[in-house]
Amino acid sequence: MKFSVQLSCDYPDPAYGGKKLYAEMIEQAVLADRLGFDAVSITEHHLINLLMMPAPLQFAVKIAAVTERVKIILGVAVLPLHDMRMYAGELVCADIFTDHRLLVGLGRGAFPFETARMGIPIDETLEKFDESVAVLQALLTEEEVSWCGKYYQFEPLTVMPRPDREIPFLMSAVRPEAIYHSTRKGFHIMTTPLAGDHQYLLDQVDAFDRGKSELGSAGEELTLSLSRVSFLVKDEADRRAKNTIAHRYYGRFDNIRGSGEIHHGVISPLPRKVPIEETAENLLVCTPSEMIDKLKVYESIGVDRFILNINFGNPQAEMLECIENFAAQVMPHFVADPEPAAVRQVI
């Protein structure tokens, strides 16, 4: 199993400043690269102070410039917000500028407030997303592409420059049936159970396995990446403190996914309907030994990449310490089997 750090750009207080926030995310990326993490993951969100990254391709290029080997995952590119005729060329250039370290997660958008303010009601994003994926794939693999659909109509055109490799795509999906159908189409999968319980995670993995098995040999190289809010703690007091921070963080998620009470770009945290104990039960906020045990279960059920999301309101010094401790105390327990036949290549 490979490991990634999610650079979530949490920004609850605008007075903190974007320059300082992004400098801290770069610092985390540089540290992850030096310590042997496989990848860092960056989000795309606009107009809000949660997962705040309105310029993910530029950020990916910046990360590549200050790191040596770490892969850079767009988690995810919100396709309905882009024109594929422009975005295809931007992806090609970003892939070149990142020295082909780019992995592109594809998503429809998650927050009704965000998509509506960008002119696309959330109920329409799935249909536009499906067409956008088809258009993007055509533009990256063919020349003189024309299109006559609901959202795109254009005469023959060729995106330039042409890609010099097949840019890896990961489909973002949460619902098990969405995971199944995306896998059946030949996509790598990037998912999260959000605050769901372990059974929901098992359902997600089962959906991936079903889709993959139905592809036969064509699905052998497909991989499953899993993102979870996680943190390594020192003791019970530290655990309680981190769970309290995470509970408040999810209160902001509840808001943006629901009523959308947002003022001047700032999402107000709502009181959670679930108790803090239930939130804590469904997170990976634990000691290093507990983390190893939990991740061994993930590895055994077929998770190929674990994306560590530590950016949920913790101080930068503590997050850097968490990355260091994870690399030193957890990752050595997941060294790949030296027998080539036993190891599946993770993109």
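Scroll up a little and you will see the structure.
As the structure is a prediction and not an experimental result, all values here were calculated from the model.

J.: Which residues make up the layout of surface pockets, and what values go with them?
T.: Of the volumes computed, that of the largest pocket is approximately 1200 Å³. Considering the residues around the largest pocket, the lining is formed by 45 residues, among which Gly-107, Ala-110, Ser-172, Ala-173 and Val-174 are closest to the centre. Secondary structure elements with two or more residues in the lining of the largest pocket: β3 (71-78), α5 (122-141), β7 (169-172), α6 (176-184), β8 (188-191), β9 (224-232), α8 (236-257) and β13 (305-309). Tallying contributions element by element places α5 first for the lining of the largest pocket, with seven residues.

J.: Residues and numbers for the packing of helix α1 (residues 18-35) against helix α2 (residues 56-66), please.
T.: When two helices pack together, their arrangement is given by the angle between the helix axes and the distance between those axes. Where α1 contacts α2, the axes come no closer than 10 Å and their chain directions differ by 45°. On the basis of the axis angle, α1 is oblique to α2. Two packed elements cross with a definite hand, and for α1 against α2 that hand is right-handed. On the side of α1, the interface is formed by Met-25, Ile-26, Ala-29 and Val-30, while α2 contributes Phe-59, Lys-62, Ile-63 and Val-66. The residue makeup of the contact of α1 with α2, split by class, is seven nonpolar, no polar and one charged.

J.: Tell me about unusual backbone geometry, and name the residues and values.
T.: Looking along the chain, the bond that leaves Gly-75 and enters Val-76 is cis, with omega of 10°. Met-160 connects to Pro-161 through a cis peptide bond whose omega is -5°. Backbone geometry places Glu-144, a non-glycine residue, at a positive phi of 50°. Along the chain, the position of Glu-144 falls in the loop between α5 and β5 (145-148). The exposure class assigned to Glu-144 is exposed, which follows from its relative accessible area of 51%.

Reading guide: rules and limits
- Residues numbered from 1 in each chain as written.
- Predicted model: local features only at pLDDT ≥ 70, side-chain atom pairs only at ≥ 80, totals over all residues.
- Heavy atoms only, no water.
- 1 Å grid on protein atoms, 1.4 Å probe; cavity = no way out; pocket = protein on both sides within 12 Å on 5 of 7 lines; lining within 4 Å.
- Points joined across faces, edges and corners; volume = space filled by probe spheres on them.
- Helix = DSSP H or I, 4+ residues; strand = E, 2+ residues; numbered from the N terminus.
- Axes fitted to C-alpha atoms, helices over the stretch in contact; angles between N-to-C directions.
- Parallel < 35°, antiparallel > 145°, perpendicular 65-115°, else oblique.
- Left-handed = near helix turned anticlockwise from the far one by under 90°.
- Contact = heavy atoms within 4.5 Å.
- Nonpolar A, V, L, I, M, F, W, Y, C, P; charged D, E, K, R; others polar.
- Buried < 20%, exposed > 50% of the residue type's maximum accessible area, 1.4 Å probe, protein only.

None of the figures reported here should be taken as evidence of function without further support.
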